[in-house]
Amino acid sequence: MPGQPILSRLPGIATARDYRREWLRPDITAGLVLTALLIPAGMGYAEAAGLPAYAGLYATIVPLLAYALVGPSKILVLGPDSSLAPLIAAAVAPLAVADDPESALALAGILGVLVGLVLLIGGFLRLGFVTQLLSKPIRLGYLNAIALIVVVGQLPKLLGFSVDATGLVGEIGGIATSVARGEIDPIAAAVGVASLVVIIGLRLGAPRVPGVLVAVVGAVVASAALGLTDEIGMVGALPAGLPLPSFGGVDWGDVGRLVGPAAGIALIAFADTGVLSRTFAARRGDDVDGSTEMKAVGVANVAGGLFGGFPISASGSRTPVAEQSGARTQLACVVGAVAVLVFVLVAPGVTSYLPDAALAAVVIVAATALVDVKGLVRLWRMSTVEFGLAIAAFLGVALVGVLQGILVAIGLSFVAVVARAWQPYRTELISLPDRAGFHDVERHPAGHRIPGLVLVRFDAPLFFANGEIFDEYVRSVVADAPTPVEWVVVAAEPITGLDTTAVDELVDLDTYLEGNGIRLAFAEMKGPIKDRLIRFGVGDRFDATHFFPTVESAVAAFQDRA
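Computed from a predicted model, the values in this text were never measured in an experiment.

Looking at this model, I keep getting lost on the overall build of the chain. Mind explaining?
Within the chain, the secondary structure is distributed over 22 helices and eight strands. Here the chain holds 562 residues, and the buried ones make up 51% of them. Roughly 25700 Å² of accessible area belongs to the chain as shown, and the carbon and sulfur atoms make up 62% of that amount. Taken as two groups, the 37 positive and 48 negative side-chain charges of the chain have centres that lie 9 Å from each other.

Structure (structure tokens):
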């Protein structure tokens, strides 16, 4: 068959062809253990995204099965994630019909398909590098803000009341007002707080025991035994049957308005997935291609979006569980997906006894895992500029909006890059009697200057924003030299770029120095930069006599100039 070679190259098919019998038991065990997290986590993250809880199960089943077939990582677990939930809510809520969960679900499905298409296109164009736009400071600020947004959003459910407010500040104010008015439901709050205590207590005291499963099962049993279904909010029974593609009520205008958010969500989803994929592949001695990973996550998102789901990414909490439970291949995720499917078909009524407060506790604990205060403190000690970027990302996401805040933070990163290149480190070089070569005068102020020679270094590409700064710096060093200057030699190895504006500044500097009887020369300049000088039409002014292979050879030429 013509399609057979393509199918045979799919990672899931390749794994099945080479599957070993001794992997079967650990894969099945890991899949069943994983199920204990997949069900409550999927439902909780769906509610955090403003969607019906059951959508989280559909967004778990279908993507897991799709990724098992096309995904390059053998144990990566995909599904709903706390870092995406606020982005999905921010994109879908303004377009959904009020009090119509089906409208929100249809929009979320379209969003999932669009995210998948963006990732597929990016994968085929090999655009995996775009995740570098999310630098460490941005990710720290973004994830800490997401954690705060998710926790604040779940507190009303945990305590048994609702808040009619938008934005983080509005929600915090609404929560404070409700608490002050005594609107806390004591039964819901007791269930929610007890669930928190169980999850956190078992995580600290008995980490091998699945605290989330214990808390959820305990809440379901307590609700059924004590007859709480009419006293506090419940998740409700799951719809009968399997999800089918349904995008009723969504027009092309809505699709157009979701394209921008889809691109942002795709960036975040692949950034999270790429990091996890590389980390777990390295532990197993495997190598995962970023573009292949991007395409696989794209396929999983398209599949999930078509069948009742919403955008998903790799899970930083469920993937380690699969690994620690002994998962060997994608079969563990297949077992987990099938187990969730069985739950949906066989016991859909169980969730009618699951309190919203217990599910809120699950989401809150998961969201707190995103908090990294130590990382922020470490960043402050390492770089105040990057710490400032992290805080800007945090404030932008928390106060302006999730998607807008990320765009602002990325923009600030570009500004920081330009600022560093605009005002780079530059120094004069001197010689030391006990060391070879030439060294930074700022670090060695007692060094020796060669009379008549100025050596300078400029640690950045030369472009329109810093060409004049370079010119002025060289002139200032010449003016402050203790003896009359005859030569200026630029240690040009750090100069990795050159544009037309900077070339004009070089010509002006050379003209100025020449007018004062000073020769301008370059040492260790890279070939491509020399080629640009020729291409920009100044090769006659800066001929071969202006260039030296090393700083030492330039100094020797100066000393032999007579």
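Now that the structure is up, let's keep going.
I'm lost on the nonpolar core in this one. Help?
A general trend in soluble globular proteins is that nonpolar side chains are found buried together. Membership of the largest hydrophobic core comes to 123 residues, with the highest contact counts inside it found for M43, L87, I88, L111, Y142 and I406. Sequence-distant contacts of I406, defined by excluding residues within four places in its chain, comprise L87, L134, Y142, I268 and V397. Counting 32 residues, the second largest nonpolar core, distinct from the first, contains F458, V507, L520 and F522.

Where do I start with the pairing of strand β4 (residues 435–440) in this structure?
Note on strand geometry: in a regular strand, side chains alternate between the two faces of the sheet. Where strand β3 (residues 426–432) meets β4, four bridges bridge the pair, whose relative direction is antiparallel. The partner of S431 across the bridge, within β4, is F438. Between the antiparallel neighbours β3 and β4 lie two residues.

What is the right way to read the pattern of salt bridges from this model?
Within this structure, the stated rule accounts for nine salt bridges. One salt bridge in this structure joins D254 and R257, with 2.9 Å as the shortest N-O distance. Placement of the pair is D254 and R257 together in helix α11 (residues 252–283), with a separation of three residues, close to one helical turn. Judged by relative accessible area, which is 9%, D254 ranks as buried. Ionic pairing is found between R475 and D471, a salt bridge with its closest N-O pair at 2.6 Å.

I tried to follow a nonpolar patch on the surface on my own but got confused; where do I start?
Side chains of L65, L242, V338, V342, L345 and V346 sit close together on the surface and give an oily, nonpolar patch of about 530 Å² of accessible area. With four residues, the top contributor of residues to the nonpolar patch is helix α14 (residues 331–346). Positionally, L242 belongs in the loop between α10 (211–226) and α11.

Can you walk me through the packing of aromatic side chains in this structure?
For any pair of aromatic rings, the description rests on two quantities: the centre-to-centre distance and the angle between the ring planes. Tallied over the full model, the rule gives nine aromatic pairs. Among the aromatic residues, those joined into a cluster by ring pairs are W487, F548 and F558. Sitting over the ring of Y512, R475 keeps its end group 4.1 Å from the ring centre. Over the ring of F558 we find R561, and its NZ or CZ is 4.0 Å from the ring centre.

I keep staring at the confidence of the model for the chain and nothing clicks. Help me out?
Regions with low pLDDT carry predicted coordinates that are not meant to be interpreted in detail. Per-residue confidence for the chain gives a mean pLDDT of 88, with 98% of residues at or over 70. The secondary-structure element of the chain with the lowest mean pLDDT is helix α1 (residues 4–8), recorded at 60, while strand β6 (residues 487–491) shows the highest, at 96.

What am I meant to see in the domain arrangement of the chain here?
A common way to state how big an interface is: give the accessible area lost once the parts meet. When the domains of the chain are assigned, the result is domain 1 (6–416) and domain 2 (425–560). On a C-alpha basis, the centroid separation for the pair domain 1 and domain 2 is 54 Å.

Is there a simple way to think about helix α19 (residues 467–480) in this case?
Since the α-helix packs 3.6 residues into each turn, any two residues three or four apart lie on the same face. Given a rise of 1.5 Å per residue, 14 residues ought to cover 20 Å, and the 20 Å separating the end C-alpha atoms of α19 matches this to within 8%. Buried residues of α19: G467, I469, F470, D471, Y473, V474, V477 and V478, and no others.

What am I meant to see in the packing of helix α7 (residues 136–159) against helix α15 (residues 356–368) here?
For any two helices packed against each other, the geometry is given by the interaxial angle and the distance between the axes. Across the interface, α7 lies against α15 with an axial gap of 9 Å and an inter-helix angle of 165°. Classified by the interaxial angle, the pair formed by α7 and α15 is roughly antiparallel. The interaxial crossing formed by α7 with α15 has left-handed handedness. On α15, the residues that touch A147, V150, V151, Q154, L155, K157 and L158 of α7 are D356, A357, A360, A361, V363, I364, A367 and T368.

Help me out: how do you make sense of unusual backbone geometry in this one?
Note on backbone geometry: most residues besides glycine have negative phi, and most peptide bonds are trans. Phi at R126 takes a positive value of approximately 55°, unusual for a residue other than glycine. For R126, the position within the fold is in the loop between α6 (101–124) and α7.

Calculation notes
Residues numbered from 1 in each chain as written. Predicted model: local features only at pLDDT ≥ 70, side-chain atom pairs only at ≥ 80, totals over all residues. Heavy atoms only, no water. Helix = DSSP H or I, 4+ residues; strand = E, 2+ residues; numbered from the N terminus. Buried < 20%, exposed > 50% of the residue type's maximum accessible area, 1.4 Å probe, protein only. Areas by Shrake-Rupley, 256 points an atom, 1.4 Å probe, with all protein chains shown as cover. Lys, Arg positive; Asp, Glu negative; His and termini not counted. Charge placed at Lys NZ, Arg CZ, Asp CG, Glu CD. Core = buried A, V, L, I, M, F, W, Y, C linked by side-chain atoms within 4.5 Å. Contact = heavy atoms within 4.5 Å. Pairing = 2+ DSSP bridges. Salt bridge = Lys/Arg side-chain N within 4 Å of Asp/Glu carboxyl O. Patch = residues over 30% accessible without salt bridge, like charges linked within 9 Å, V, L, I, M, F, W, Y side chains within 5 Å. Phe/Tyr/Trp six-rings, centres within 6.5 Å; stacked < 30°, edge-to-face > 60°. Lys NZ or Arg CZ within 6 Å of the ring centre and 35° of its normal. pLDDT = per-residue confidence, 0-100. Domains from an automatic or database assignment. Expected span 1.5 Å × (residues − 1). Axes fitted to C-alpha atoms, helices over the stretch in contact; angles between N-to-C directions. Parallel < 35°, antiparallel > 145°, perpendicular 65-115°, else oblique. Left-handed = near helix turned anticlockwise from the far one by under 90°.

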